[in-house]
Amino acid sequence: EDQVTQSPEALRLQEGESSSLNCSYTVSGLRGLFWYRQDPGKGPEFLFTLYSAGEEKEKERLKATLTKKESFLHITAPKPEDSATYLCAVHSSGTYKYIFGTGTRLKVLA
Amino acid sequence: DVKVTQSSRYLVKRTGEKVFLECVQDMDHENMFWYRQDPGLGLRLIYFSYDVKMKEKGDIPEGYSVSREKKERFSLILESASTNQTSMYLCASSQNGLAGAPPTDTQYFGPGTRLTVL
């Protein structure tokens, strides 16, 4: 069964304190892995799509990486405005379904 | 930029009412999705549509129906609203990949509708 697990559930960082969020997945055949940012009461905002192991993508202070079993979202020198819930999702071959993790709630303190 | 809009940000309805949630996307995407999001449960798929008038049940279709009469519009219908349908409802769309091109399965989400059923 396809599965996505995100860790930690919650993370508190000081401004400037870099860290990584983890997304472990089990799928029969990966078509794509997706990272989203979600602010309270709003819809998920697309960040990155990764398609194959070894792929990396960057955007400002965020960098996403992918292996055959997990993905990391690295946050470098975070700022308070990076506080949000970060969601990971996978789309496996042969299905229209996307499997979402329950997210990591990130709080960056000034 | 892809834009997905939903008809209401907040909605309050009474038990037994018929509720319509509408979603419109402006990028000519083939696929559209309705999810509900509840604390601790994550996003759960209600229905999926891959073309006009075509639909597939997701993981929790009971109590819901959908309509897709035009490519850009996907409606979610709560036939008789109940209190356990109080939730955040999210619409998303995605494009089918073109032959010979890298896959492009990214889902783009709307702002969400917070529905409260009293």
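Shown above is the structure to which this text applies.
This structure is a prediction, so every number in the text was calculated from the model and none was measured.

Some thoughts on the packing of aromatic side chains
Alright, step 1. Counted by the stated rule, this structure contains 14 aromatic pairs over all chains.
Alright, step 2. Ring centres of Tyr98 of chain A and Phe33 of chain B lie 5.5 Å apart, and the angle between their planes is 90°; on these two criteria the pair is classed as edge-to-face. Linking Tyr98 of chain A in strand S10 (residues 98–100) with Phe33 of chain B in strand S4 (residues 31–38), this pair reaches from one chain into another. In this structure, Tyr98 of chain A and Phe33 of chain B share a single accessibility class: buried.
Alright, step 3. Taking 5.5 Å as the distance between ring centres and 80° as the angle between the ring planes, the aromatic pair formed by Phe100 of chain A and Tyr35 of chain B counts as edge-to-face. With one member in each of two chains, Phe100 of chain A in strand S10 and Tyr35 of chain B in strand S4 form a pair that bridges those chains.
Alright, step 4. The class for Phe100 of chain A is buried, based on a relative accessible area of 9%.
Alright, step 5. For Tyr35 of chain B, a relative accessible area of 1% puts it in the buried group.
Alright, step 6. Counting every residue linked through ring pairs, the aromatic cluster contains Phe34, Tyr36, Phe46, Tyr96, Tyr98 and Phe100 of chain A together with Phe33, Tyr35, Phe48, Tyr50, Tyr108 and Phe109 of chain B.

Here we look at the side chain of Arg37 of chain A
Residue and element names in this part refer to chain A.
Alright, step 1. Residue position: Arg37 is located in strand S4 (residues 30–38).
Alright, step 2. At a separation of 3.0 Å, a polar atom in the side chain of Arg37 contacts the side chain of Asp39.
Alright, step 3. For Arg37, the side chain forms a polar contact with the main-chain oxygen of Glu81, separated by 2.8 Å.
Alright, step 4. Apart from the residues lying within four places of it in its own chain, the contact partners of Arg37 are Gly43, Pro44, Glu45, Leu47, Glu81, Asp82, Ser83, Ala84, Thr85 and Tyr86.

Quick word on the sheet that holds strand S1 (residues 4–6) of chain B
Residue and element names in this part refer to chain B.
Alright, step 1. Read across the open sheet, the 4 strands follow the order S1-S3-S8-S7; overall the sheet is antiparallel. Only two strands of the sheet have a single partner each, and these edge strands are S1 and strand S7 (64–70). Geometrically, the sheet is characterised by an average inter-axis angle of 20° between neighbouring strands, direction not taken into account.
Alright, step 2. Relative to strand S8 (residues 73–78), strand S3 (residues 19–25) is paired through 6 bridges, and the arrangement is antiparallel. Paired with Cys23 across the strands is Phe74, a residue of S8.

Focus: the pattern of salt bridges
Alright, step 1. Inspection of the entire model under this criterion finds 11 salt bridges over all chains.
Alright, step 2. Put simply, Glu55 of chain A and Lys57 of chain A hold a salt bridge, and the shortest N to O gap is 3.7 Å.
Alright, step 3. Among the salt bridges present, the one from Asp28 of chain B reaches Lys71 of chain B, with a minimum N-O distance of 3.1 Å. Taken as a pair, Asp28 of chain B in the loop between S3 and S4 and Lys71 of chain B in the loop between S7 and S8 lie far apart in primary sequence, 43 residues in all.

Remarks on the interface of chain B and chain A
Alright, step 1. Each partner contributes residues to the interface: chain B has 25 residues there, and chain A has 18 residues.
Alright, step 2. Buried surface at the junction of chain B and chain A, both sides included, amounts to about 1700 Å², of which 56% is carbon and sulfur.
Alright, step 3. One can count 7 residue pairs in polar contact (both at pLDDT 80 or more) joining chain B with chain A.
Alright, step 4. Counting residues per element, the ones that place at least two in the side of chain B that touches chain A are S4, strand S5 (42–51), strand S6 (54–57), strand S9 (87–94) and strand S10 (108–109) of chain B.

Topic: unusual backbone geometry
Alright, step 1. For the bond running from Ser7 of chain A to Pro8 of chain A, omega is -10°, close enough to zero to count as cis.
Alright, step 2. By the element assignment, Pro8 of chain A lies in the loop between strand S1 (3–7) and strand S2 (10–14).
Alright, step 3. Look at Ala77 of chain A: it is not a glycine, yet its phi comes out positive at around 45°.
Alright, step 4. Position of Ala77 of chain A among the secondary structure elements: in the loop between strand S8 (70–75) and strand S9 (84–92).
Alright, step 5. The backbone phi angle of Asp28 of chain B is positive, close to 60°, even though this residue is not glycine.

Structural notes on the layout of surface pockets
Alright, step 1. What the largest pocket holds in volume is close to 550 Å³.
Alright, step 2. Taken together, 21 residues form the lining of the largest pocket, with Gln38, Thr85 and Arg105 of chain A together with Gln37 and Pro39 of chain B sitting closest to its centre.
Alright, step 3. Secondary-structure elements contributing two or more residues to the lining of the largest pocket are S9 of chain A together with S4 of chain B.
Alright, step 4. At 3 residues, S9 of chain A tops the list of elements feeding residues into the lining of the largest pocket.
Alright, step 5. Of the residues assigned to the lining of the largest pocket, the class counts are 6 nonpolar, 9 polar and 6 charged.
Alright, step 6. In this model, the second largest pocket occupies a volume close to 340 Å³.
Alright, step 7. In this structure, the second largest pocket is lined by 16 residues; those nearest its centre are Asp2, Ile99 and Phe100 of chain A together with Leu43 and Asp59 of chain B.
Alright, step 8. Among the secondary structure elements, those contributing two or more residues to the lining of the second largest pocket are S1 and S10 of chain A together with S5 of chain B.

What counts and how
- Residues numbered from 1 in each chain as written.
- Chains lettered and ligands numbered in written order.
- Predicted model: local features only at pLDDT ≥ 70, side-chain atom pairs only at ≥ 80, totals over all residues.
- Heavy atoms only, no water.
- Phe/Tyr/Trp six-rings, centres within 6.5 Å; stacked < 30°, edge-to-face > 60°.
- Helix = DSSP H or I, 4+ residues; strand = E, 2+ residues; numbered from the N terminus.
- Buried < 20%, exposed > 50% of the residue type's maximum accessible area, 1.4 Å probe, protein only.
- Polar contact = N/O pair within 3.5 Å; in protein donor to acceptor, adjacent residues only side chain to side chain.
- Contact = heavy atoms within 4.5 Å.
- Pairing = 2+ DSSP bridges.
- Axes fitted to C-alpha atoms, helices over the stretch in contact; angles between N-to-C directions.
- Salt bridge = Lys/Arg side-chain N within 4 Å of Asp/Glu carboxyl O.
- Buried area = accessible area lost by both parts, 1.4 Å probe.
- 1 Å grid on protein atoms, 1.4 Å probe; cavity = no way out; pocket = protein on both sides within 12 Å on 5 of 7 lines; lining within 4 Å.
- Points joined across faces, edges and corners; volume = space filled by probe spheres on them.
- Nonpolar A, V, L, I, M, F, W, Y, C, P; charged D, E, K, R; others polar.

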